[in-house]
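Notes for the structure review
Residues per chain are reported as follows:
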Amino acid sequence: MAAKKNSSGSALATLLQGVGFLLAVVLIAHTVFVLFDFQAEGQLTQSVARAAEPLALFFPGLIDAPSHVLQVLLDYGLAAMFWMLVGGLLGRIFG
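Thresholds applied
- Residues numbered from 1 in each chain as written.
- Predicted model: local features only at pLDDT ≥ 70, side-chain atom pairs only at ≥ 80, totals over all residues.
- Heavy atoms only, no water.
- Helix = DSSP H or I, 4+ residues; strand = E, 2+ residues; numbered from the N terminus.
- Buried < 20%, exposed > 50% of the residue type's maximum accessible area, 1.4 Å probe, protein only.
- pLDDT = per-residue confidence, 0-100.
- Contact = heavy atoms within 4.5 Å.
- Core = buried A, V, L, I, M, F, W, Y, C linked by side-chain atoms within 4.5 Å.
- Expected span 1.5 Å × (residues − 1).
- UniProt positions renumbered as here; feature names shortened; annotations may be inferred.

By the naming in an unreviewed UniProt entry, the protein chain is YGGT family protein, taken from Actinopolyspora righensis.

Below is the structure:
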């Protein structure tokens, strides 16, 4: 019985870490699209942008940067690191 509980906890930990990773990937993809000026009217670019906006939480505008490139990196990079951290911590707690 203990082995069954341990494997389900491990599966939950892996799931939580994976979700945190996927949320960070969406934010990083949006950052890459913005920095490399991908077509803003493209379907993929618009979908990723719509998904990234709420995932960025309170990070956009938290720190003012002197350039647009640095501002995008700070806004979405900090949010991506946050989701990786949250996914990792929840994975540790439930794992």
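On to unusual backbone geometry, then. Look at D37: it is not a glycine, yet its phi comes out positive at around 50°. Topologically, D37 is positioned in the loop between α1 (2-35) and α2 (43-55). Note on D37: relative accessible area 66%, which makes it exposed. Phi angles above zero are rare outside glycine, and L57 is one such case at about 55°. Tracing the sequence through the fold places L57 in the loop between α2 and α3 (68-94).

This brings us to the confidence of the model for the protein chain. Looking at the protein chain, pLDDT values average 87 and 91% of them are 70 or higher. Per-element confidence in the protein chain is highest for α3, whose mean pLDDT is 92, and lowest for α1, whose mean pLDDT is 84.

Of note, H30 is situated in helix α1. With relative accessibility at 8%, the residue H30 sits in the buried group. Setting aside chain neighbours within four positions, we find H30 in contact with V48, A49, A52, E53 and Y76.

Let us look at the nonpolar core. Within the largest apolar cluster, 11 residues are counted, these being A24, L27, A52, L55, A56, F59, V72, Y76, A79, A80 and W83. Elements with a contribution of two residues or more to this core: α1, α2 and α3. Here this core gets five residues from one element, more than from any other, and that element is α3. If near-sequence neighbours (up to four positions away) are discounted, W83 is found in contact with G20, L23, A24, L27, L55 and L57.

Turning our attention to α3. Its 27 residues place the ends of α3 39 Å apart at the C-alpha level, agreeing with the 39 Å of an ideal helix rising 1.5 Å per residue. Where α3 is concerned, the buried positions are Q71, V72, D75, Y76, A79, A80, W83, G87 and G91.

This part takes up the UniProt feature "transmembrane region" (unreviewed entry) in the protein chain. Taken from the UniProt record, the annotation "transmembrane region" (unreviewed entry) applies to residues 12-36 and 76-94. Across residues 12-36 one finds 96% helix and 0% strand; the C-alpha atoms that close the span lie 36 Å apart. In residues 76-94, the share of helix is 100% and the share of strand is 0%. The end C-alpha atoms are 27 Å apart.

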